[in-house]
Amino acid sequence: MVVGDLHDINFHFPVRELQNDRVRLVPFATDPHADLFFHGSVNYPELYEYLPYGPYQSAAKFVETLIDGRIRPNPGNVLYAIIDKTRSHPDSPSPSQADFAGVIGYLNTDPNNLKTEIGFIKVLPPFQRTHVTTNAVGLLLQYALNRPSHLHAPGLGLRRVQWQTNTLNLKSIRVAERMGFKREGTLRWDRALPADGRKVGNGAQLREGDPEPGKVGRHTAILAICWDDWESGGRERALYVMAHQYGQRR
């Protein structure tokens, strides 16, 4: 069973495998997950149209830029590989192109303020509009927000889980809201993205004399689910959505 590069993880909290009967999240391991992700995503540059990074020209560049450049040096970040257990076969190695569904993780984690964020979400197109995204997000919510004393799924007991996305990325906003996140506001002109024709900005014209005329602006939607939301029906809502997305297209 692949458990990831546990010896090479630099995260504020313990990192362990998370799973239910549909999806398994394992700490990202450069071998074999980098090649699986690159080969599964290279023909879908649209995966990055709302993101400030990517696409990548090779698995090595993906590792150099995102894994070694952003995730491993920062103890607030950790990445998981998503395995779709419904497509795994007991007689075949796992993970493989058949069941490797993408990546997801925590970022901007702050142990002093008991908060984190779910992000780095890139679900490969063959696994989109299925149970994969909601179950992967739900597993991370459970681990972040459940109390350490929870009987069946002990977690970190954090107080806040955040979600950020381009305000024009309506699919991302809908997923978050379906899982119980509440829209809190908009950070206007939050990002400056390369104007290379592959990134979706806010559609607004830049001012004359802007120091970065080659970059488009992005407005960022902020959503969050907090411990009191979670313990007053949010957990049950997330579990319901996870269960009812099984085998269905959404």
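Just above, that's the structure.
Now for a look at the structure at hand. (Residues numbered from 1 in each chain as written. Predicted model: local features only at pLDDT ≥ 70, side-chain atom pairs only at ≥ 80, totals over all residues. Heavy atoms only, no water.)

### With respect to the environment of proline 73
Here is step 1 of the chain: One can find proline 73 in the loop between α2 (59–71) and β3 (78–84).
Here is step 2 of the chain: Here the alpha-carbon distance between proline 73 and glycine 155, two residues 82 residues apart in the chain, equals 24 Å. (Helix = DSSP H or I, 4+ residues; strand = E, 2+ residues; numbered from the N terminus.)

### Some thoughts on helix α3 (residues 132–145)
Here is step 1 of the chain: For α3, with 14 residues, the first-to-last C-alpha span of 20 Å sits near the 20 Å given by 1.5 Å per residue.
Here is step 2 of the chain: With 14 of 14 residues buried, α3 is to be regarded as a mostly interior element. (Expected span 1.5 Å × (residues − 1). Buried < 20%, exposed > 50% of the residue type's maximum accessible area, 1.4 Å probe, protein only.)

### Overview of the packing of α3 against helix α5 (residues 227–244)
Here is step 1 of the chain: Following both chains from N to C, one finds α3 and α5 inclined at 150°, their axes separated by 10 Å at the closest point. Classified by the angle between their axes, α3 and α5 sit roughly antiparallel to one another. Seen along the crossing, α3 lies across α5 with a hand that is left-handed. Taken together, the residues of α5 that come into contact with α3 (itself represented by Thr134, Asn135, Gly138, Leu139, Leu141, Gln142 and Leu145) are Trp227, Trp230, Leu239, Val241 and Met242.
Here is step 2 of the chain: Counted by class, the contact of α3 with α5 contains eight nonpolar, four polar and no charged residues. (Axes fitted to C-alpha atoms, helices over the stretch in contact; angles between N-to-C directions. Parallel < 35°, antiparallel > 145°, perpendicular 65-115°, else oblique. Left-handed = near helix turned anticlockwise from the far one by under 90°. Contact = heavy atoms within 4.5 Å. Nonpolar A, V, L, I, M, F, W, Y, C, P; charged D, E, K, R; others polar.)

### Regarding the nonpolar core
Here is step 1 of the chain: Leu25, Ile118, Leu141 and Phe181 are the most contacted members of the largest nonpolar core, which has 63 residues in total.
Here is step 2 of the chain: Tallying contributions element by element places α3 first for this core, with nine residues.
Here is step 3 of the chain: Once residues within four sequence positions are removed from consideration, isoleucine 118 is found in contact with Ile104, Gly105, Tyr106, Leu107, Val137, Leu140, Leu141, Val161, Gln162, Trp163 and Phe181. (Core = buried A, V, L, I, M, F, W, Y, C linked by side-chain atoms within 4.5 Å.)

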